[in-house]
Every structure is written in C-alpha cells, then in structure tokens.
Amino acid sequence: MIFLTKNFSKENLKKDRKVLGKAWNKTYNSYFGNIQNINYFIEKALPLLPKKTKLKILYPCSAAGLLGEELVKALAKKGIGSGLTLVEISKEHLNQNKNPKTKKNAVDVLAFQTKEKFGAIIMRSSLDYFPTRKIQVKLLSKISRLLEHSGIFINQMAVMPSEEERKLADKIYNSNKKIGKRHFQLPKEIKELYENSGFCNVRKIGDASKLVITEKEHSERYALGRKEIQKIRNLILKIPAKKRPSIKTTKKGYALEFAFPIFTASKKP
Ligand SMILES: C[S@@+](CC[C@H](N)C(=O)[O-])C[C@H]1O[C@@H](n2cnc3c(N)ncnc32)[C@H](O)[C@@H]1O
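Treat the numbers as computed from the prediction; the structure is a model and nothing was measured. Every chain's residues receive numbers from 1 upward, in the order its sequence appears when written. With pLDDT at 70 or above as the cut-off, local features in this predicted model cover only qualifying residues; side-chain atom pairs require 80 or more to be listed or tallied, and sums for whole chains, interfaces and linings still use all residues. With hydrogens and water stripped out, all remaining heavy atoms of the structure feed into the side-chain values.

## Thoughts on the site of the ligand
Here comes step 1: Close contacts around the ligand come from 18 residues, with Tyr59, Cys61, Glu88, Val109 and Arg124 the closest.
Here comes step 2: Contact distances for the ligand include 3.4 Å between an oxygen atom and a side-chain N or O atom of His93.
Here comes step 3: Calculation on the ligand without its partners gives an accessible area of 600 Å², and the protein chains cover 97% of this total.
Here comes step 4: Gly falls in the polar group here, along with every residue not listed as nonpolar (Ala, Val, Leu, Ile, Met, Phe, Trp, Tyr, Cys, Pro) or charged (Asp, Glu, Lys, Arg). For the shell around the ligand, the class distribution of residues is 10 nonpolar, 5 polar and 3 charged. Here a residue is considered near a molecule or strand provided that any single heavy atom belonging to it is located within 4 Å of it. Within 3.5 Å is the distance limit for a polar contact, defined as a pair of N or O atoms, with the added protein rule that one can donate a hydrogen and the other accept it, and that residues adjacent in sequence qualify only through two side-chain atoms. Exposure was quantified through the Shrake-Rupley algorithm and a 1.4 Å probe, taking into account, for residues, occlusion by the shown protein chains and nothing else.

## Observations concerning the nonpolar core
Here comes step 1: Residues Leu49, Ile57, Ile172, Tyr173 and Phe258 are the most contacted members of the largest nonpolar core, which totals 52 residues.
Here comes step 2: What we call a nonpolar core is a set of buried Ala, Val, Leu, Ile, Met, Phe, Trp, Tyr and Cys residues that are connected through their side-chain atoms within 4.5 Å. Burial classes follow relative accessibility: with a 1.4 Å probe on protein chains only, a residue under 20% of its type's maximum area counts as buried, one over 50% as exposed, and anything between as partly exposed. Counting 29 residues, the second largest nonpolar core, distinct from the first, contains Leu58, Leu110, Leu127 and Ile190.

## Let's talk about the side chain of Arg244
Here comes step 1: Here a helix means four or more residues in a row that DSSP labels H or I, a strand means two or more in a row labelled E, and each is numbered from the N terminus. Examined against the element boundaries, Arg244 turns out to sit in the loop between helix H10 (226-237) and strand E7 (247-249).
Here comes step 2: Counted as positive: Lys and Arg. Counted as negative: Asp and Glu, with His and the chain ends omitted from the count. Put simply, a salt bridge is a Lys or Arg side-chain nitrogen that is within 4 Å of an Asp or Glu carboxyl oxygen. An unpaired buried charge is present at Arg244: no salt bridge exists, and Glu165, the closest side chain of opposite charge, is 8.2 Å distant.
Here comes step 3: Among the polar contacts listed, one links the side chain of Arg244 to the backbone oxygen of Ile239, at a separation of 2.7 Å.
Here comes step 4: Here a residue-residue contact requires only that any non-hydrogen atoms of the pair lie within 4.5 Å. Setting aside anything within four residues of it in sequence, one finds Arg244 in contact with Glu165, Leu168, Ile236, Leu237, Ile239 and Thr249.

## Observations concerning the side chain of Asp170
Here comes step 1: Its location among the elements puts Asp170 in helix H7 (residues 163-174).
Here comes step 2: Although Asp170 lies buried, it forms no salt bridge, and the closest oppositely charged side chain, Arg166, sits 4.3 Å away as judged by the N-O distance.
Here comes step 3: Residue contacts for Asp170: discarding those within four places in its chain leaves Arg182, His183 and Phe184.

## Some details on the pairing of strand E8 (residues 254-267)
Here comes step 1: Of all 14 residues in E8, 12 are buried, a share of seventy percent or more.
Here comes step 2: When DSSP locates at least two bridges between a pair of strands, those strands are taken to pair. Pairing geometry for strand E5 (residues 147-156) and E8, over 5 bridges, is antiparallel. Across the sheet, the residue bridging to Gln156 is Ile262, located in E8.
Here comes step 3: In terms of strand pairing, E7 meets E8 through 3 bridges, oriented antiparallel.

## Notes on helix H6 (residues 133-146)
Here comes step 1: With 14 residues, H6 extends 20 Å between its outermost C-alpha atoms, agreeing within 8% with the 20 Å of an ideal straight helix rising 1.5 Å per residue.
Here comes step 2: The buried fraction of H6 amounts to 10 of the 14 residues, a majority that puts the element mostly inside the structure.
Here comes step 3: Of the residues making up H6, those classed as buried are Ile135, Gln136, Val137, Leu139, Leu140, Ser141, Lys142, Ile143, Ser144 and Leu146. Under the convention used throughout, the expected extent of a helix is 1.5 Å for every residue step, that is, one less than its residue count.

## Regarding the pattern of salt bridges
Two side chains with opposite charge may pair up if their charged atoms get near one another.
Here comes step 1: Counted by the stated rule, this structure contains 14 salt bridges.
Here comes step 2: The partner of Arg221 in a salt bridge is Asp16, and the shortest N-O contact between them spans 2.8 Å. Taken as a pair, Arg221 in helix H9 (residues 215-222) and Asp16 in the loop between helix H1 (2-15) and helix H2 (27-30) lie far apart in primary sequence, 205 residues in all.
Here comes step 3: One salt bridge connects Lys188 with Glu163, and the closest N-O pair in it is separated by 3.3 Å. With a gap of 25 residues between them, Lys188 in helix H8 (residues 187-195) and Glu163 in helix H7 connect regions that are remote in the sequence.

All quantities given are derived from atomic positions and should not be read as evidence of function.
Here you go:
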C-alpha cells in the first residue's frame, strides 16, 4: 500500500509541475490566493477553534501555507497565540513560505511521522488528490489520530452534487494522462466517510465560492492540447445535459463547476 501511495502522490506532483511554488496562488484564476476566499474560511473556522493560550495548528497539503498563515494572524488579532505546522509533498511550494516560526515538513502526508497532537487541523481542496475512497479513509484516519481529544478538523473540499456528475468528474480527471488523478466528494457520502475515519460531530459550516474550471484553466495548468480537450468534451457529451448541470460543454471546450463546502468534525472519543 505504501508503494501505491507513493506512486500516485509522486505522479500527481509531476503533473503539477507548471503550478508549483510561486505560480500556485495565480492558478485557477487565483482562487487559492484570493484573500476573500481565505477570509471566508477563517470567518467560519475562528468561532470553532479550541480556546487555548497556544493553539497548535496542522495544515496538511498546504502548498506554501497561505491559508494557515492568515489564520495565525487572525488568531493573533484576537490575542490568541498559535503555532503552524505545514505538511506538503512539494519542496517548491514550501520554499515560498518565509515565516521562520512555521514548521515545514516536505513529505507525503501519509508518511508524516510525529509524536505531536494538534488542537486544530485545517485542509482545503486536497482530499480529492487521494484518488480512491479507501485512500481517503486512510488519510482522514491519520488526520483524526493527529488531533488532540478536544481538537477540531476543518476541511474545504471540492464537491459534485450528484452521483452522475461526480462519476463524470472523476472520469475526466482519471482518463487524461496529463491531469492529476482525483476522487471528488459527493455530499451524501461525506458524513459516513468521516465517521469511518475516526470522526464524529460532522457538519457543514459554510459554502465557499464555487470553483469553475474550464478547458482554459486546465490547459494553463496541464498543457492540454486540442485533441485532449476534444476527448474530454466527448466524455461529457455521452451523458445527457439534463443529468449534468454542473458539467457543461461550451463552444470551445467545457466548464466544470465544483461546489466548495467547508465541514467541521471532532475526534471520536
Ligand atoms: C489543490 S492544492 C491545495 C493547496 C492549499 N491547501 C490551498 O488551499 O491553497 C493541493 C495540495 O496538496 C498537495 N499534496 C497532494 N498530495 C499530497 C500528499 N500525499 N502529501 C502532502 N501533500 C500533498 C499538493 O502538492 C498541493 O500543494
């Protein structure tokens, strides 16, 4: 399993080579660098965080950790001290983080080892990088083990609203060799997925802005050519338009609209 795990993460990393490091915050029309998107997550997270004098925050799959750094700043404004630990497979991403106080681990999160436990674990747009339900349970179980007993997990994840659309989105990503492998979430499965991974009190706390990805964004990120775009269009066109309102074909290509709910959960006692 470790062998398999390493393989898909390294493959995904290779496919992300055009967006590593500085380029990340500009990717997908700057969705992840956008301060309003960051502030929305923080606004939803702040009231739920354990009230501690020094809160330990873990941020797996962090890229350079901008979301975590902004959360630390927001806590400081409220007089709450916190420390941030990043776990990110790409060194290039981590090198962009210049905060000497932040701990940086350039490692596959599934291989991350520590004796520490954390009061808060945050994640955004990364669960789908773990391309099967089984591997997602493995990741989430690891995250639940890293939480303190009173700790909290807050995660924003890319969702397709119906079974048909989720299946199609997974197919689009997994059928193209240039695009990273993904397994997106289906709203009705989230609670069970978490509960099978050591969590309880699973609930939605907000809906961040939707993420719309067209052939233009995919081409910029993965250098897709005309033929590959056409292949994706053909996959989409196999499903009647009525059954896939979030996945459309357009004149030149296609548009995928992901919902981006934020969920919280605590560790099972
Ligand atoms: C869509 S990006 C999200 C980055 C960041 N959370 C944000 O909101 O801007 C997913 C990140 O997960 C990282 N990643 C993917 N698989 C990983 C793994 N197995 N271990 C650690 N990081 C991983 C990628 O390198 C990438 O930086």
